[in-house]
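Commentary on secondary and tertiary structure
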Amino acid sequence: MGDGAQRSSTRTGSAAEDEVVQLTSELIQIDSSNTGELETTTGEAEAAAYVDAKLREVGYETEVVESGAPGRHNVFCRLKGADPSRPALLVHGHLDVVPFAADEWSVHPLSGAVREGYVWGRGAVDMKDMDAMILALARQFKAEGVVPPRDLVFAFLADEEAGGAYGSHWLAEHRPDLFEGCTEALGEVGGFSVTLGEDVRVYPVMTAEKSIAWMKLRVRSRPGHGSMIHDENAVTVLSEAVARLGRHRFPLTLTDTVQGFFDEVTTLTGIEFPTESAAALDGAVAKLGGVARVVGATTRDTANPTMLSAGYKANVIPSVAEATVDCRVLPGRQEAFERELDEILGPDVEREWIRNLEAVETGFDGDLVDTITAAVKAEDDDARTLPYMMSGGTDAKAFVKLGMRCFGFAPLRLPPDLDFTALFHGIDERVPVDALHFGTRVLERILRTC
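Because the structure is predicted, anything quoted here is derived from the model rather than measured.

Details of the packing of helix H1 (residues 15–28) against helix H3 (residues 128–144)
Where H1 meets H3, the closest approach of the two axes is 8 Å, and the angle between their N-to-C directions is 135 degrees. For the element pair H1 / H3, the angle class is oblique. Judged by the twist between their axes, the crossing of H1 over H3 is right-handed. Within the contact between the two elements, H1 uses Ala15, Ala16, Glu19, Val20, Leu23, Thr24, Leu27 and Ile28 and H3 uses Lys128, Asp129, Asp131, Ala132, Met133, Leu135, Ala136, Leu137, Arg139, Gln140 and Glu144.

So, the sheet that holds strand E5 (residues 118–120)
Here we have three strands laid out as an open sheet, ordered E4-E5-E19, and antiparallel in their pairing. One side of each edge strand has no neighbouring strand; the edge strands of this open sheet are strand E4 (114–115) and strand E19 (430–432). Both E4 and E5 contribute to a ladder of two bridges, which runs antiparallel. By the bridge assignment for E5, Val114 is matched with Val119. Relative to the sheet, H1 contacts E4 and E5, its axis offset from that of E5 by approximately 20 degrees.

Focus on the sheet that holds strand E14 (residues 320–328)
If you walk across this open sheet you meet the four strands as E12-E14-E10-E15, and the pairing is antiparallel. A strand with exactly one partner marks an edge of an open sheet, and here the two such strands are strand E12 (302–310) and strand E15 (350–357). Pairs of neighbouring strands in the sheet enclose a mean axial angle of 20 degrees, with direction left out of account. By the bridge criterion, eight bridges tie strand E10 (residues 212–220) to E14 in an arrangement that is antiparallel.

Let's talk about the environment of Thr253
As for its placement among the helices and strands, Thr253 is situated in the loop between helix H5 (234–247) and helix H6 (256–269). Overall, Thr253 belongs to the partly exposed group, its relative accessible area being 21%. A C-alpha to C-alpha distance of 9.8 Å links Thr253 and Pro331, two positions 78 residues apart in sequence. Discounting chain neighbours no more than four positions away, the residues touching Thr253 are Thr298, Thr299, Leu330 and Arg333.

Things to note about the packing of helix H2 (residues 44–57) against H3
Where H2 contacts H3, the two axes come as close as 9 Å, and the packing angle between them is 20 degrees. One way to sum up the angle between H2 and H3 is to call them roughly parallel. Note on packing geometry: the crossing formed by H2 with H3 is right-handed. Contact residues: Tyr50, Val51, Lys54, Leu55 and Glu57 in H2; Leu135, Ala138 and Arg139 in H3. Grouping the constituent residues of the contact of H2 with H3 by class yields five nonpolar, no polar and three charged.

Structural notes on the packing of aromatic side chains
For the structure shown, the criterion picks out eleven aromatic pairs. The interplanar angle of 85 degrees and the centroid separation of 6.5 Å between the aromatic rings of Tyr60 and Phe154 together place this pair among those described as edge-to-face. In this pair, Tyr60 sits in the loop between H2 and strand E1 (63–66) while Phe154 sits in strand E6 (residues 152–157), placing the two residues 94 residues apart along the sequence. For the pair formed by Tyr60 and Phe154, the shared burial category is buried. One aromatic cluster in this structure is built from Phe76, Phe179 and Phe399. Here the basic side chain of Arg430 rests over the ring of Tyr118, its NZ or CZ set 5.4 Å away from the ring centre.

Some remarks on the UniProt feature "domain: Peptidase M20 dimerisation" (unreviewed entry) in the protein chain
Those residues carrying the UniProt feature "domain: Peptidase M20 dimerisation" (unreviewed entry) are residues 208–345 in this numbering. Within the segment residues 208–345, helix and strand shares are 39% and 24% respectively, and the terminal C-alpha atoms sit 29 Å apart.

Things to note about the pairing of E10
In this structure, E10 lies alongside E15, joined through seven bridges in antiparallel fashion. Residue pairing across strands places Ile212 opposite Leu357, the latter belonging to E15.

Points about H1
Relative to the 20 Å expected for 14 residues at 1.5 Å per residue, H1 spans 20 Å between its end C-alpha atoms, a close match to the ideal helical length. Along H1, the sharpest kink reaches roughly 30 degrees, centred on Val21. In terms of burial, H1 is a largely internal element, ten of the 14 residues being buried. Among the residues of H1, Ala16, Glu17, Glu19, Val20, Val21, Leu23, Thr24, Ser25, Leu27 and Ile28 are the ones counted as buried. Buried positions along H1 lie against H2, E4, E5, H3 and helix H12 (433–449).

A word on the environment of Glu198
Position of Glu198 among the secondary structure elements: in the loop between strand E8 (194–196) and strand E9 (200–209). For Glu198, a relative accessible area of 79% puts it in the exposed group. The spacing of Glu198 and Thr62 is 136 residues in sequence and 46 Å in space, taken between C-alpha atoms.

Quick notes on the nonpolar core
Phe154, Leu288 and Leu447 are the most contacted members of the largest nonpolar core, which has 93 residues in total. At nine residues, H3 tops the list of elements feeding residues into this core. Look past the residues within four positions of Leu288 in its chain and what remains in contact with it is Leu196, Phe261, Val265, Ile271, Phe273 and Val295. Of all hydrophobic cores here, the second largest spans 21 residues; its members include Ala213, Val219, Leu245 and Val325.

Thoughts on unusual backbone geometry
The residue after Asp126, namely Met127, is reached through a cis peptide bond having omega -15 degrees. When you line up the elements, Met127 lands in the loop between E5 and H3. Between Glu188 and Val189 the backbone carries a cis peptide bond, its omega angle lying at -10 degrees. Position of Val189 among the secondary structure elements: in the loop between strand E7 (182–187) and E8. A positive phi angle is found at Asp159, which is not glycine, with a value near 65 degrees. With respect to the helices and strands, the residue Asp159 is situated in the loop between E6 and helix H4 (168–174). For Asp159, a relative accessible area of 3% puts it in the buried group.

Conventions we followed
Residues numbered from 1 in each chain as written. Predicted model: local features only at pLDDT ≥ 70, side-chain atom pairs only at ≥ 80, totals over all residues. Heavy atoms only, no water. Axes fitted to C-alpha atoms, helices over the stretch in contact; angles between N-to-C directions. Helix = DSSP H or I, 4+ residues; strand = E, 2+ residues; numbered from the N terminus. Parallel < 35°, antiparallel > 145°, perpendicular 65-115°, else oblique. Left-handed = near helix turned anticlockwise from the far one by under 90°. Contact = heavy atoms within 4.5 Å. Pairing = 2+ DSSP bridges. Buried < 20%, exposed > 50% of the residue type's maximum accessible area, 1.4 Å probe, protein only. Nonpolar A, V, L, I, M, F, W, Y, C, P; charged D, E, K, R; others polar. Phe/Tyr/Trp six-rings, centres within 6.5 Å; stacked < 30°, edge-to-face > 60°. Lys NZ or Arg CZ within 6 Å of the ring centre and 35° of its normal. UniProt positions renumbered as here; feature names shortened; annotations may be inferred. Expected span 1.5 Å × (residues − 1). Bend = angle between axes of the 7 residues up to and from the residue. Core = buried A, V, L, I, M, F, W, Y, C linked by side-chain atoms within 4.5 Å.

Written as structure tokens, this is what we have:
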């Protein structure tokens, strides 16, 4: 496979490779939109039933678990490995997707249409493509009697798009037995190829995530009539504090993961990442193309105001004003971040965490990392793997609490000009058919040799 050649997707592949596109399309056609509200989130149970039937069809004993609320369904099965003394590997994906406005799309987001070399629809990249790869390989392994080196636990989960309270976090707290023996986990978000410059192709492995920390700000003050002079207006005090926070730039902080990413990119491309100033580093990161928006967000903490609420009548100055802020904090920075928050907000602003899932980080080392790298190079011999940090969060946050090392790797070889990161939660979400075939082959190599 010299000169970075890729196998043609027109050949007859493995059973998993042959059905992965259809599975992706059919999963997309199930509306499993997660609104974040129990009353309006539907479809996870239907998606879980689809996966459960596909697994049972080839002989798995499955367990469907409702995680803390009606309809929040998860599917588990285990494939026994050759060496029962070895720790198990968790291979997981989530079945929910973010909502959509269908009239903004050029293809209906629930169509699962296969056209122009892509599978289209909500979840095509986040993450029903990876669900389909996992499902296809689980089916193939069972049907063909494949015995992996160690136990594989396949998990298809609910509620990741709303933080996993009714999914992975509930399961980790209430059903840790489902993950018995698992010391490592493989899930999203990583493994998609990034082309740097003209011909340097890398496959990032997610080894770290910033926190998910949603914060409520509140100012209480004396109410009054809107026609009067009023020096203690809660809306004014809150607005000024929110503006200060929204304009604030937190200090540059390079974790081991981010520094490792920069070091590898410098070796491969010659791009230097100077840290003497934020402007210099941001300028260097901008040279990375579409992935720059993700990488740039991992060089500092962020706090973005997202919601404001105050008042009930135009001529009444309210006694309370509130705001919601989406904070993403780097590993090891929580205490320093909170001190900085208090300095910015001032003494008149109350704050409370309404969701605070800690940042996670593991090293870019070990047998599983070596296996991932070998599998990628077997299918794309010019490629390199390297660590990276995700600016968002995944179900890995729950599994770290159970003592697992978590890696994000959903392999896809992408066209160099495709702005893939913009498709996450985006309009016209789609995944290349060739990339699904490639990813299935890479993932098969990993699971057969892990």
